[in-house]
Amino acid sequence: MSQMMYWEALRRAHDEELGNDPLVIVMGEDIGVAGGTYKATQGLYDKYGAERVIDTPISENGYTGLGIGASFVGVKPIIEIMSVNFAWLATDQIVNTAAKVRYMSGGQLTAPIVIRSPGGTAHQLGAQHSARMEKVFMGIAGLRVVTPSNPKQAYGLLKSAVRCADPVFINEHELMYNMKGEVPDEEFFHPLEGSEVVRQGRDITLFGYNISVHWCLQAAEVLSREHGIEAEVVDLYALSPLDREGIKASVARTHKAIIAEEAEAPVGVGAEVMAIFNEECFFELDAPPVRVSAANVPIPYNHKLEKAAIPSAKDVIAAALSLFPGKH
Amino acid sequence: MKVMPGFAQQGVAENDSELLSVTDKKRLLREMLYARRFEERCYEAYVERKIGGFLHLYSGEEACAHGVLEAARIGHDYVMTSYRDHIHAIKCGSDPRAVMAELFGKEGGTCKGRGGSMHIFDVAHRFMGGYALVGGPFPLAVGIAKGLKMKGGDEISICFLGDAANNQGTFHESLNMAKIWDLPVLYVCENNLYGIGTRIDRSTAVQDQYKRAAAYDIPAVQVDGQDVEVVYAAAKKAIEHVRSGNGPYFLELMTYRYRGHSMSDSNAYRSKDEESKWLKRDPIHILRNRLIDSRDLTLSEFKEMDKAIIEEIENEVIGFAEQSPEPRVEDLEKYVLAENDPYVHGGVN
Ligand SMILES: Cc1ncc(C[n+]2csc(CCOP(=O)(O)OP(=O)(O)O)c2C)c(N)n1
Ligand SMILES: [Mg+2]
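Attention in this report is confined to the structure presented alongside it. All values reported here derive from a predicted model rather than from experimental measurement.

Of regular secondary structure, chain A possesses 13 helices and 14 strands. Relative to a compact globule of 328 residues, whose C-alpha radius of gyration would be 20 Å, chain A shows 20 Å and is just as compact. Along the longest, intermediate and shortest principal axes, the C-alpha atoms of chain A span 65 × 45 × 40 Å. Among the 328 residues that make up chain A, the fraction classed as buried is 63%. Restricting to contacts in chain A with at least 6 residues of sequence separation, those with at least 24 account for 81%.

Shown next as C-alpha cells:
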C-alpha cells in the first residue's frame, strides 16, 4: 500500500493501461501537452506520444463520437471530458450511440469506451460549471456508471472500466483530485458493480457515493460521539446498476436509512435508492427513510447561497437525528 | 429556385466508361434494379403492416451507393450511413433476406429484430450501421478511421449521409478532426436536395455541399449522382486519395429520392414538374439505355431480368422474412450489456 492522491491514482491507472495495450488511447481537451486540467494524464503525452494521448479540439460530441467509432474497430479509448457540464454536449453520442449500439445491432457491435468527467460543485464556479450529471447517465440502459469516492477506487475502477466490454461513465468530483488515500502497490481491478460497507453500525445506514460518502463518514463520527448512534456507512460506488442486494442487506441490519447526494432531489440517485427501499425492504424499515439533497436551483455564485444550496455532513446528521425522536 | 446546382463534373471524361467492363455494368444494372425492387417491395410490406415504424426508401438514389461501393473494397472497407440504409447494407454483402427479416422484426434479421429499418448492422461485412440521429455517423466514421490508422492496415472508412445532415455540428467537428489528424475517411454526401420537406435553399446557406469541405481544407468534388459510371469514376479517385494516406475526402453526389422522406411523408412540398425532371434521369434507365445503345443488352433481356428479380424477392426474400421466427420475449433484456464480463466483478487476477 502507498499513499497517493486521487489524481495520482488516476494517472497511474492511465499509465498502466496505456502500457498494457497499444490500442488504449486517451483523449480530451488539454490532456496531452498540458497534462490535463486535473493532472490525470500528466507526463503521458511525452511517454506515449500524440497519436495515443490526444489533445482534442473543443468538440465534445465530436470527439466522444470519434472515440466510440474507434472502439468499433478494437481501440479502447479513455475520454476525458474536462467538466461534466460540457458532457451535456456529448450526451447525443453517449446515449444514442454508445449505450444503444450493442442492443440495436443485436449484439454485433459494442462501444467499450470509458468516459471520465468531474462533476459537482466546487467553489463559486457558478451555475454552468457546477452540474452533477450522474443521475442523467444512470438512467440510460446500456451504460455503466461508477463514481469513485477515494484514490483506491479511482485507480481500480478506471482499470476495470478500460478492460470491460461495456461503455462506462466515471463520475469524478472537482474537489476530490487532491484527496489522499491508500492504493495497493500491486495491480488491482475494482468491481464495477456492488457497494462497500465503509463503516459498520447497527442503528442506521447512511448511503452515499463519491463526495457524499465523506459527509456520511463525518456524520457517523458525530452521531456516535455525541448521540450514541452507531451508523453504518455504505459507499454506492456503482450507480448503474445499483446494488439492490447490498442496499437491502444493510437496511435489514439497521432498519433506518438516509441517502445523501450532492445533486438536486428530483429524478436522482436518492429517488432511485428510495424506490429500492420501497421495493426491496419496505417492511425492514422502522422509520420513513430520508433523502439529503441539494436545493432545486441552478447553483448560485454567491458563496453563502452556494453553501446553502449544497448539503453537508450537518444535513446528514440532522436527517439521521430526525429518525431518532428524543435524541435531538 | 435552383433544382439542381451546377455540377462541377469532375472526373467524367469520355473514356471513363472504360473503367467498368460490360460484365461489371450488367451486374451493376442488376444490382440497382434489385435495389429498386427491394425498396418498392418494402413499400408494399409497409402498407400491408408487415413492416412497422419509420421506413425510408432509397428509390432514385441507387447509383450513389452502388457507384461508390463498387469502387471500394467490399468486406474490407468500413461503411456506415443514416437510416436510409437497406441498400448500402446489401451492397456491402448483407443477405437481402436478413435485411428484410430485420424490417419484419424477426429473429432472422441482421440485428435479430432489435434494430429495424433504420438500424441495419452487419459487422461481418463491415457494414457498421444505420443510425437514426441526423449527423450521428460523422464522428463515428472518423473514429473508425482513427482506429484503422493506428492499426496500420489499408482499410478506409466510408460514411454516407444526406445533404441536410451537414447542418449538424458533428459535420464540422468531424471534418475538422479528420483533417487535423489526416484520417482515412471518405465522406459521401447524397444530396437529394431535401431534408424531409425542407428544400436545401431554405435551410442551407451554401447549397453546393462540396464547397463546405473547403472550410476544412479537405479536397471535394460534386458529381452527377444519377449516373453510376460517373459516381464510380469519382469514387475511385476519392478512394485512391484516402487509401494512399492523403487524409479525408468529400464526395458530393447530386441525386433525388422518388418517394417521400419516409412512409409518413406525403411529398406535397415538391412540384410535379421537379419530380418529372428527375424521373427522366433515372439511374437504372441511364445505365440500361447505355447498354442497349452499345448493343450489350436488349430491352427484353432487361424485362426478363426484372421479372426474375421480382420473383426472387417475393419467393426468397419475403418468404424468408415471413417464416423467420419472432424474437422470444424471454430474451428482451439480452444485448443490453456484455454477458459475464469478468471485470464487472473486479477482474481475473
Ligand atoms: C438529430 C436529428 N434531428 C432531426 C431528425 C429528424 N429527421 C430525420 S431525417 C431528417 C432529414 C435529413 O435529411 P438529409 O440529411 O438530407 O437526408 P435524407 O433523408 O434526405 O437522405 C430529419 C430532420 C433526426 N432524425 N435526427
Ligand atoms: Mg437530403
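It is worth spelling out the sheet that holds strand E2 (residues 24–28) of chain A at this point. Residues and elements named next belong to chain A. Taken in spatial order, the seven strands make up an open sheet running E3-E2-E4-E5-E7-E6-E12, and their pairing is mixed. A single partner strand is all that each edge strand has here, and the edge strands are strand E3 (53–55) and strand E12 (238–240). Sheet twist, expressed as the average angle between the axes of neighbouring strands with direction ignored, equals 20°. Two strands pair when backbone bridges link them, and strand E6 (residues 144–146) and E12 are joined in this way by two bridges, in the antiparallel orientation. The residue of E12 that forms the bridge with Val145 is Ser240.

A few words now on the site of ligand 1. Residue and element names in this part refer to chain B. Within the structure, ligand 1 sits among 15 residues, and Tyr83, Arg84, Ala132, Ala164 and Asn192 are positioned closest to it. Between a nitrogen atom of ligand 1 and a main-chain N or O atom of Ala132, the distance comes to 2.8 Å. In this structure, Ala164 approaches ligand 1 through a main-chain N or O atom, which is 2.9 Å from an oxygen atom. For ligand 1, whose accessible area on its own is 590 Å², the fraction buried by protein is 73%. Broken down by class, the residue content of the shell around ligand 1 amounts to eight nonpolar, five polar and two charged.

Quick look at the pattern of salt bridges now. Applying the stated criterion to the full structure yields 54 salt bridges over all chains. Here Glu31 of chain B ties to Lys91 of chain B by a salt bridge, and the two come within 2.7 Å at their closest N and O atoms. A residue pair is termed long-range when its members are at least 10 positions apart, and Glu31 of chain B in helix H1 (residues 22–47) and Lys91 of chain B in helix H3 (residues 86–91) qualify at 60 residues. Residue Glu70 of chain B pairs with Lys91 of chain B through a salt bridge whose shortest N-O separation is 2.6 Å. Here Glu70 of chain B is found in helix H2 (residues 62–71), whereas its partner Lys91 of chain B is found in helix H3, with 21 residues between them in sequence. Both residues of the pair, Glu70 of chain B and Lys91 of chain B, count as buried. Look at the salt bridges and you will find they share partners, linking Arg12, Glu16, Glu17, Lys159, Arg163 and Glu187 of chain A into a network.

About the cut-offs
Residues numbered from 1 in each chain as written. Chains lettered and ligands numbered in written order. Predicted model: local features only at pLDDT ≥ 70, side-chain atom pairs only at ≥ 80, totals over all residues. Heavy atoms only, no water. Helix = DSSP H or I, 4+ residues; strand = E, 2+ residues; numbered from the N terminus. Rg over C-alpha atoms; globule rule 2.2 N^0.38 Å. Buried < 20%, exposed > 50% of the residue type's maximum accessible area, 1.4 Å probe, protein only. Contact = heavy atoms within 4.5 Å. Pairing = 2+ DSSP bridges. Axes fitted to C-alpha atoms, helices over the stretch in contact; angles between N-to-C directions. Near = heavy atom within 4 Å. Polar contact = N/O pair within 3.5 Å; in protein donor to acceptor, adjacent residues only side chain to side chain. Areas by Shrake-Rupley, 256 points an atom, 1.4 Å probe, with all protein chains shown as cover. Nonpolar A, V, L, I, M, F, W, Y, C, P; charged D, E, K, R; others polar. Salt bridge = Lys/Arg side-chain N within 4 Å of Asp/Glu carboxyl O.

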